[in-house]
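Next come the chains, spelled out residue by residue.
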Amino acid sequence: MEQPMEQPAETPLEERIQAVLDGYRPTLYIDGGDVELLQVDDEGVAHVKMLGACIDCPISLLTMKLGIQRLLKENFSEIRGVHAVTDIDISALYKRENG
């Protein structure tokens, strides 16, 4: 039975997070989305950017909280939360939908 690949603790946190996100990406790719790790701040918050179809997807909040945040908190004790960053103005979405 194969053991999961563990990365040495001396590997920088961002690289270890990227490896975990790489394993999750196929789930996002199915619906045309992706995620990019921007940074982990001093308080343990991972700042990620939602990309592709995830930007204005109505369930991207669920993807963030139940998928990415859960995944990172389960794998990294250093992570206290996840903050999603987008290039889109949320109010623009409402204006587009309402005419």
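Within any chain, residue numbers begin from 1 and follow the written order of that chain's sequence. Only residues with pLDDT of at least 70 get local features here, since the model is predicted, and only at 80 or more are side-chain atom pairs given and counted; chain-wide, interface and lining totals rely on the full set of residues. With hydrogens and water set aside, each side-chain value is computed from the structure's full complement of heavy atoms.

As for the pairing of strand β2 (residues 45–52)
- Each residue gets one of three labels from its accessible area relative to the maximum for its type: buried under 20%, exposed over 50%, partly exposed in between, using a 1.4 Å probe on protein chains only. Secondary structure elements follow DSSP: runs of H or I no shorter than four residues count as helices, runs of E no shorter than two count as strands, and numbering proceeds from the N terminus. The buried fraction of β2 amounts to six of the eight residues, a majority that puts the element mostly inside the structure.
- If DSSP finds at least two bridges between two strands, the strands pair. Bridge analysis of strand β1 (residues 33–40) against β2 gives seven bridges, and the strand direction is antiparallel. From the neighbouring strand, Glu 36 faces β2, where its bridge partner is Lys 49.
- Linking β1 back to β2 in an antiparallel pair, the connection comprises four residues, with Gly 44 at a positive phi of about 85 degrees.
- Sheet analysis places β2 next to strand β3 (residues 81–85), joined by five bridges and oriented parallel. Across the sheet, the residue bridging to Val 48 is Ala 84, located in β3.
- Handedness of a crossover is defined as follows: with both strands directed away from the viewer, a clockwise route from the first strand across the helix to the second makes it right-handed. Between the parallel elements β2 and β3, the chain passes through helix α2 (residues 60–75) in a crossover that is right-handed.

Topic: the nonpolar core
- Residues belong to one nonpolar core when they are buried, are Ala, Val, Leu, Ile, Met, Phe, Trp, Tyr or Cys, and are joined through side-chain atoms within 4.5 Å. In this structure, Ile 17, Ile 68, Leu 72 and Ile 79 are the most contacted members of the largest nonpolar core, which totals 20 residues.
- Counting only elements with at least two residues in this core, the list comes to α1 (13–29), β1, β2 and α2.
- Counting residues per element, this core draws most heavily on α1, at six residues.

Let's talk about the pattern of salt bridges
- Salt-bridge detection follows one rule: a side-chain nitrogen of Lys or Arg within 4 Å of a carboxyl oxygen of Asp or Glu. Counted by the stated rule, this structure contains four salt bridges.
- Ionic pairing is found between Arg 25 and Asp 22, a salt bridge with its closest N-O pair at 2.4 Å. Separated by three residues within a single helix, Arg 25 and Asp 22 lie in helix α1, roughly one turn from each other.
- Here Arg 25 falls in the buried class, since its relative accessible area comes to 9%.
- Using a relative accessible area of 46% as the deciding quantity, one classes Asp 22 as partly exposed.

Looking at α1
- To estimate how far a helix should reach, multiply one less than its number of residues by 1.5 Å. Taking 1.5 Å as the rise per residue, α1 with 17 residues should run 24 Å; its terminal C-alpha atoms sit 24 Å apart, in good agreement.
- Two axes enter the definition of the bend at a residue: one is fitted to the seven residues ending there, the other to the seven starting there, and the bend is the angle between them. At Gly 23, α1 shows its largest kink, close to 40 degrees, and the proline Pro 26 lies no more than four residues downstream.
- Buried within α1 are the following residues: Leu 13, Arg 16, Ile 17, Val 20, Leu 21, Tyr 24, Arg 25 and Leu 28.

Quick notes on the side chain of Arg 25
- Counted as a polar contact is a pair of N or O atoms within 3.5 Å, where, for protein atoms, one must be capable of donating a hydrogen and the other of accepting one, and residues adjacent in sequence contribute only when both atoms are in side chains. At 2.6 Å, the side chain of Arg 25 and the backbone oxygen of Val 35 are in polar contact.
- The contact criterion used throughout is that any non-hydrogen atoms of two residues lie within 4.5 Å. Ignoring sequence-local partners within four residues, the contact set of Arg 25 consists of Gln 18, Asp 34, Val 35 and Glu 36.

Geometry only, nothing functional implied.
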